[in-house]
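Given next are the chains, with one letter for each unit.
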Amino acid sequence: MSNEPRKRPSWDQYFMDIAHMVAARSNCSRRQVAAVLVRDCRIISTGYNGTPRGVRNCSDGGCPRCNSDTPSGHGLHECLCSHAEENSIVQAAYHGIAVKGATLYTTFSPCLQCAKMIINAGIVEVVYHQRYSIDDVSTRLLKEAGVIIRPLKEEEND
């Protein structure tokens, strides 16, 4: 038995690791993204990207845009999939859980539509793993609204 203390992941790393596991549930043909909503170090909701409830899964041909050769970042108005951030917020609402004051952990930084939902839902912080290539306006909007947005940094374990 080692005398070294057991290393534990930071809260940020813990919740981001969970987000990556949630992303594995995504049925999107193009990108697997997930979001985890946390308040007081407790998960209150999760969401991943994919077609709406009751609609044929993207991976089964449910979204024509995702199953086409449309370049990334184009034709987004034709996509039938809901985003992970959107789904985590809506899932909480569906079950009557308030998200005001929560932190959102997401595998990709939010798009503009999701940024607006995050602001209006009262989420106070967004922690992301990878930067989404079209998030400049959303990042500015979140900052203007007073929402903390930051990339996950490799931290000391605690």
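Refer to the preceding data block for the structure.
As the structure is a prediction and not an experimental result, all values here were calculated from the model.

Asks: What is the right way to read the packing of aromatic side chains from this model?
Replies: One pair of aromatic rings is described through two measures. These are the centre distance and the angle between the planes. In this structure the tally under the stated criterion is four aromatic pairs. Arranged with centres 5.8 Å apart and planes meeting at 80°, the rings of Trp11 and Tyr14 form a pair that is edge-to-face. Of this pair, Trp11 and Tyr14 both sit in helix α1 (residues 11-23), three residues apart, which is roughly one turn of the helix. Judged by relative accessible area, Trp11 falls into the partly exposed class, the value being 40%. Relative to Phe15, the ring of Tyr14 has its centre 5.0 Å away and its plane inclined at 65°; by these criteria the two rings are edge-to-face. Take Tyr14: its relative accessible area is 38%, and that puts it in the partly exposed class. Residue classification places Phe15 among the buried residues on the basis of a relative accessible area of 1%. Taken together, Trp11, Tyr14, Phe15 and Tyr105 form an aromatic cluster joined through their ring pairs. Looking at Arg31, its charged tip hangs above the ring of Phe108, at a distance of 4.9 Å from the centre. Lying across the ring of Tyr94, Arg53 places its NZ or CZ 4.1 Å from the centre.

Conventions used here
Residues numbered from 1 in each chain as written. Predicted model: local features only at pLDDT ≥ 70, side-chain atom pairs only at ≥ 80, totals over all residues. Heavy atoms only, no water. Phe/Tyr/Trp six-rings, centres within 6.5 Å; stacked < 30°, edge-to-face > 60°. Helix = DSSP H or I, 4+ residues; strand = E, 2+ residues; numbered from the N terminus. Buried < 20%, exposed > 50% of the residue type's maximum accessible area, 1.4 Å probe, protein only. Lys NZ or Arg CZ within 6 Å of the ring centre and 35° of its normal.

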